[in-house]
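Take a look at the letters that make up each chain.
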Amino acid sequence: MKRGLFLLTLFGLLFSGTAFGQDSGQSEARINIVKYSDYQCPACKYFVSIEEQLKQEFGDDISITTKHFPLNMHEYAQLASRVAEAAREQGKYQEMHDMIFAGQEQWARGNAEAIFIGYAKSLDMDMEQFRNDMNSADMQRKVMADKREGLNLNVNSTPTFFINGTKVENNPRTFEQFKQLIEAMTK
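As the structure is a prediction and not an experimental result, all values here were calculated from the model. (Residues numbered from 1 in each chain as written. Predicted model: local features only at pLDDT ≥ 70, side-chain atom pairs only at ≥ 80, totals over all residues. Heavy atoms only, no water.)

Trainee: Looking at this model, I keep getting lost on the overall build of the chain. Mind explaining?
Mentor: Counting secondary structure elements, the chain contains nine helices and four strands. Across the chain, helices and strands are ordered from the amino to the carboxyl terminus as α-β-α-β-α-α-α-α-α-α-β-β-α. Burial statistics for the chain: of 187 residues in total, 49% are counted as buried. Across the chain, every contact between residues at least 6 apart in sequence was considered, and the portion connecting residues at least 24 apart equals 72%. Put simply, the chain shows about 10000 Å² of open surface, and 49% of that area lies on carbon and sulfur atoms. (Helix = DSSP H or I, 4+ residues; strand = E, 2+ residues; numbered from the N terminus. Buried < 20%, exposed > 50% of the residue type's maximum accessible area, 1.4 Å probe, protein only. Contact = heavy atoms within 4.5 Å. Areas by Shrake-Rupley, 256 points an atom, 1.4 Å probe, with all protein chains shown as cover.)

Trainee: Would you mind going over the sheet that holds strand S2 (residues 62–68) with me for this structure?
Mentor: Within a sheet, neighbouring strands are paired by backbone hydrogen bonds and run either parallel or antiparallel to one another. Taken in spatial order, the four strands make up an open sheet running S2-S1-S3-S4, and their pairing is mixed. Each edge of the sheet is formed by a strand with only one pairing partner; in this case those strands are S2 and strand S4 (166–167). Pairing between strand S1 (residues 31–37) and strand S3 (residues 160–163): four bridges, direction antiparallel. Bridge pairing in S3 places Lys 35 opposite Phe 161. Docked against the sheet, helix H2 (residues 42–58) engages S1, S2 and S3, running at close to 170° with respect to S1. (Pairing = 2+ DSSP bridges. Axes fitted to C-alpha atoms, helices over the stretch in contact; angles between N-to-C directions.)

Trainee: Even after reading the chapter, I still don't get the environment of Pro 42, so can you show me in this structure?
Mentor: Considering the arrangement of structural elements, one finds Pro 42 in helix H2. Overall, the relative accessible area of 55% leaves Pro 42 in the exposed class.

Trainee: How do you make sense of the environment of Asp 146 when you look at a structure like this?
Mentor: Considering the arrangement of structural elements, one finds Asp 146 in helix H8 (residues 137–152). Taking the relative accessible area as the measure of exposure, Asp 146 reaches 14% and is therefore buried. C-alpha separation for the pair Asp 146 and His 68, spaced 78 residues apart in sequence, amounts to 5.4 Å. Of note is the side chain of Asp 146, whose polar atom sits 2.9 Å from the backbone nitrogen of His 68. (Polar contact = N/O pair within 3.5 Å; in protein donor to acceptor, adjacent residues only side chain to side chain.)

Trainee: Explain the side chain of Lys 67 to me, please; I cannot follow it from the model alone.
Mentor: Position of Lys 67 relative to the elements: it lies in strand S2. Of the polar contacts made by the side chain of Lys 67, one reaches the side chain of Glu 149; its length is 3.2 Å.

Trainee: Would you mind showing me how to read the packing of helix H3 (residues 77–88) against helix H7 (residues 127–134) here?
Mentor: Packed helices, taken two at a time, are described by the angle their axes make and the gap between the axes. At a minimum axis distance of 8 Å, the contact between H3 and H7 shows a crossing angle of 135°. Comparing the axis directions of H3 and H7 gives the class oblique. Note on packing geometry: the crossing formed by H3 with H7 is right-handed. For the pair H3 and H7, contact is made by Leu 79, Arg 82, Val 83, Ala 86 and Ala 87 and by Phe 130, Asp 133 and Met 134, respectively. When the residues that make up the contact of H3 with H7 are grouped by side-chain class, the tally is six nonpolar, no polar and two charged. (Parallel < 35°, antiparallel > 145°, perpendicular 65-115°, else oblique. Left-handed = near helix turned anticlockwise from the far one by under 90°. Nonpolar A, V, L, I, M, F, W, Y, C, P; charged D, E, K, R; others polar.)

Trainee: What is the right way to read the nonpolar core from this model?
Mentor: For soluble globular proteins, nonpolar side chains are generally found buried alongside one another. In terms of nonpolar packing, the biggest core is built from 27 residues, with Tyr 39, Val 83, Met 96, Ile 100, Trp 107, Phe 116 and Phe 130 touching the most fellow members. Contact partners of Phe 116, with chain neighbours within four places excluded, come to Leu 79, Ala 80, Val 83, Met 96, Ile 100, Trp 107 and Phe 130. Core analysis: the next-biggest nonpolar cluster, separate from the first, contains 14 residues, Phe 58, Ile 62, Ile 64 and Ile 182 among them. (Core = buried A, V, L, I, M, F, W, Y, C linked by side-chain atoms within 4.5 Å.)

Trainee: Please explain the packing of aromatic side chains as it appears in this structure.
Mentor: Both the distance between ring centres and the angle between the ring planes are used here to describe each pair of aromatic rings. Scanning all chains against the criterion turns up nine aromatic pairs. Relative to Phe 47, the ring of Tyr 46 lies with its centre 5.3 Å away and its plane at 90°, an arrangement referred to as edge-to-face. On the basis of relative accessible area, Tyr 46 is assigned to the partly exposed category, the value being 44%. Overall, the relative accessible area of 6% leaves Phe 47 in the buried class. Their ring planes at 90° and their centres at 5.1 Å tell us that Phe 161 and Phe 178 sit as a pair that is edge-to-face. In this pair, Phe 161 is assigned in strand S3 and Phe 178 in helix H9 (residues 175–185), connecting sequence segments 17 residues apart. One aromatic cluster in this structure is built from Tyr 46, Phe 47, Phe 161 and Phe 178. The aromatic ring of Phe 69 is capped on one face by Lys 147, whose charged end is 5.3 Å from the ring centroid. (Phe/Tyr/Trp six-rings, centres within 6.5 Å; stacked < 30°, edge-to-face > 60°. Lys NZ or Arg CZ within 6 Å of the ring centre and 35° of its normal.)

The values reported here are purely geometric and, on their own, carry no functional implication.
Rendered as structure tokens:
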């Protein structure tokens, strides 16, 4: 199985120029950032505002794709990832992504599923579909496919960023440092 995943990753490298295949959400942007993230990780939440600043600074020149990498130590991380994917099924991924991170301190203490259902109601989602999707094996497969991809790329903590296919070894601490790193890596 590992050999098959290695070959799949190699195939992606050969045909996309990066370690991410066509399904990575990458655009024609000059700067493609892939973030392996855990919704219950405080550091991942910290970077959300920096990502927004980067989008404002670089506009259409930047694409940021979030990949699921729920850590085993975070009790509700996999559920949060499935919730985000369930929202994607109804065209509300970004809104749910933002709400999950904004409410992280609350749902991370418990009652996460009820809180996420409240978020879905506030987004006027089809609740029957949302509940079914949130708990479906298909959503779990999507989450775990991202995690396996990350593991194959030697992701071992969150957040882990790749800029144009190159892993960032030491995360910048501020927007300015992140901007400088992007500029240095994309010259």
